[in-house]
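So you can see what is in the structure, the chains are spelled out below.
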Amino acid sequence: MKRSSLSFRLATALAKGRAPGALASREAILAALLSKRAAARRAGLEDQEALLRGQILWSLPVHHPADGEDEAAATPNP
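Since the structure is predicted, the reported quantities are computational estimates derived from the model, not experimental observations.

Cut-offs and rules
- Residues numbered from 1 in each chain as written.
- Predicted model: local features only at pLDDT ≥ 70, side-chain atom pairs only at ≥ 80, totals over all residues.
- Heavy atoms only, no water.
- Core = buried A, V, L, I, M, F, W, Y, C linked by side-chain atoms within 4.5 Å.
- Buried < 20%, exposed > 50% of the residue type's maximum accessible area, 1.4 Å probe, protein only.
- Helix = DSSP H or I, 4+ residues; strand = E, 2+ residues; numbered from the N terminus.
- Contact = heavy atoms within 4.5 Å.

This part is about the nonpolar core. With eight residues, the main nonpolar core is built from Leu10, Leu30, Leu33, Ala39, Ala40, Leu45, Leu52 and Ile56. Those elements giving two or more residues to this core turn out to be α2 (26–43) and α3 (46–59). No other element matches the four residues that α2 contributes to this core. Leu30 has contacts with Ile56, Ser59 and Leu60, leaving out every residue within four places of it along the chain.

Okay, structure coming up:
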């Protein structure tokens, strides 16, 4: 089976599993992207996984330190 065919089947399966309507929050979008990336990895779709990694990086929240606040104080503790 060709990768493009497998990729299409994966995309179709993911589309069918989506709930109608937009995702409610950034966290929900990030969780969906992580799930899709994991499915692409399990399926061996390196190109699709790389695209999803880029989308995941883009969707991560960015916190910029406020004026007068140093970088360490702006970063939350894990």
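Let's pick the thread back up.
This part takes up the side chain of Ser59. The residue Ser59 is located in helix α3 in this model. When its relative accessible area of 4% is taken as the criterion, Ser59 is described as buried. Non-local contacts of Ser59, meaning those with residues more than four positions away in its chain, are made with Arg26, Leu30 and Leu33.

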